[in-house]
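Survey of secondary and tertiary structure
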Amino acid sequence: TDAAVNPGNSGGALTNTDGDLIGINTAIASQTGMFAGYSFAVPSNLVRKVVDDLIQYGEYKRGFLGVRIQDFDNDDAEKLGIAFTEGVLLQSVESGSPAEMAGLLPDDVVTHIDDKRIRTMPQLQETIAVRRPGDKVKIDFLRKGETQSVVVLLRAIDDE
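Now for a look at the structure at hand. (Residues numbered from 1 in each chain as written. Predicted model: local features only at pLDDT ≥ 70, side-chain atom pairs only at ≥ 80, totals over all residues. Heavy atoms only, no water.)

As enumerated under the stated definition, the model contains 10 salt bridges in all. One salt bridge in this structure joins Asp52 and Arg48, with 3.3 Å as the shortest N-O distance. Of the two residues, Asp52 and Arg48 both sit in helix α1 (residues 44-57), 4 residues apart, roughly one turn of that helix. Residue Asp52 is classed as partly exposed on the basis of its relative accessible area of 30%. We note a salt bridge from Lys49 to Asp53, for which the minimum N-O separation is 2.4 Å. Taken as a pair, Lys49 and Asp53 lie in helix α1 at a separation of 4 residues, close to a single helical turn. Neither residue differs from the other here; Lys49 and Asp53 are each classed as buried. Through salt bridges that share partners, Lys49, Asp53 and Arg132 make up one connected network. (Salt bridge = Lys/Arg side-chain N within 4 Å of Asp/Glu carboxyl O. Helix = DSSP H or I, 4+ residues; strand = E, 2+ residues; numbered from the N terminus. Buried < 20%, exposed > 50% of the residue type's maximum accessible area, 1.4 Å probe, protein only.)

Here you go:
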């Protein structure tokens, strides 16, 4: 965020100009120790999910996809021989993971999850992080330049 966050503000509210809570301040990256750099916050929808899980289950339950990812750029598009598009490149897919079971492969480029446009790694991570084990998500992706879709059944990271 570009909001001024100083030491001691961690855990405080990050609000927009309408006063809506959009995140919880977590850290700053600063040369001086005071705000003169970047600040970081956990998005409020993820905080809400964690709080709801703690109340309902006594622990945070996060859906697990089972992939290593990176932002997709022009160099990746050229390497894969497809027209550039925004998305997230799957570097690898874990054996036996929900992603593998649904048919996702390394070098697939995720473009949408449940019809929500995915442009960056943080968007993909947040979109999955607010889901629970047992949730199904529709993933649209590019493979060799062709758009495809799969439904993935998320599971807990420690499920066999």
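Our focus in this paragraph is the nonpolar core. Leu65, Leu104, Ile113, Leu124, Ile139 and Val152 are the most contacted members of the largest nonpolar core, which totals 20 residues. Where this core is concerned, the elements lending two or more residues are β4 (67-71), β5 (88-93), α3 (98-102), β6 (109-113), α4 (121-129), β8 (136-143) and β9 (146-153). Excluding its chain neighbours within four sequence positions, the residues that come into contact with Ile113 are Ile118, Leu124, Thr127, Ile128, Val137, Lys138 and Ile139. Within the second largest apolar cluster, 6 residues are counted, among which are Phe72, Ala77, Ile82 and Val109. (Core = buried A, V, L, I, M, F, W, Y, C linked by side-chain atoms within 4.5 Å. Contact = heavy atoms within 4.5 Å.)

This next bit is on α1. Counted at 1.5 Å a residue, the expected span for α1 with its 14 residues is 20 Å, and the 19 Å between its end C-alpha atoms agrees. For α1, the set of buried residues is Leu46, Lys49 and Asp53. Buried residues in α1, looked at end-on, bunch into an arc of 55°, giving them a common side. Pointing more than 90 degrees away from the buried face of α1 are the exposed residues Arg48 and Ile55. (Expected span 1.5 Å × (residues − 1). Arc of directions from axis to C-beta.)

Our next topic: a negative patch on the surface. Taken together, the side chains of Asp71, Asp73, Asp75 and Glu78 present a region of like negative charge at the surface. Among the secondary structure elements, Asp71 is positioned in strand β4. Under the relative-accessibility criterion, Asp71 is labelled partly exposed at 36%. (Patch = residues over 30% accessible without salt bridge, like charges linked within 9 Å, V, L, I, M, F, W, Y side chains within 5 Å. Areas by Shrake-Rupley, 256 points an atom, 1.4 Å probe, with all protein chains shown as cover. Lys, Arg positive; Asp, Glu negative; His and termini not counted. Charge placed at Lys NZ, Arg CZ, Asp CG, Glu CD.)

This part is about the pairing of β8. Across the 8 residues of β8, 6 count as buried, placing the element largely inside the fold. Summarising the sheet, β8 and β9 pair through 8 bridges and their orientation is antiparallel. Paired with Ile139 across the strands is Val150, a residue of β9. Count of turn residues in the β8/β9 antiparallel hairpin: 2 residues, of which Lys144 carries a positive phi of about 55°. (Pairing = 2+ DSSP bridges.)

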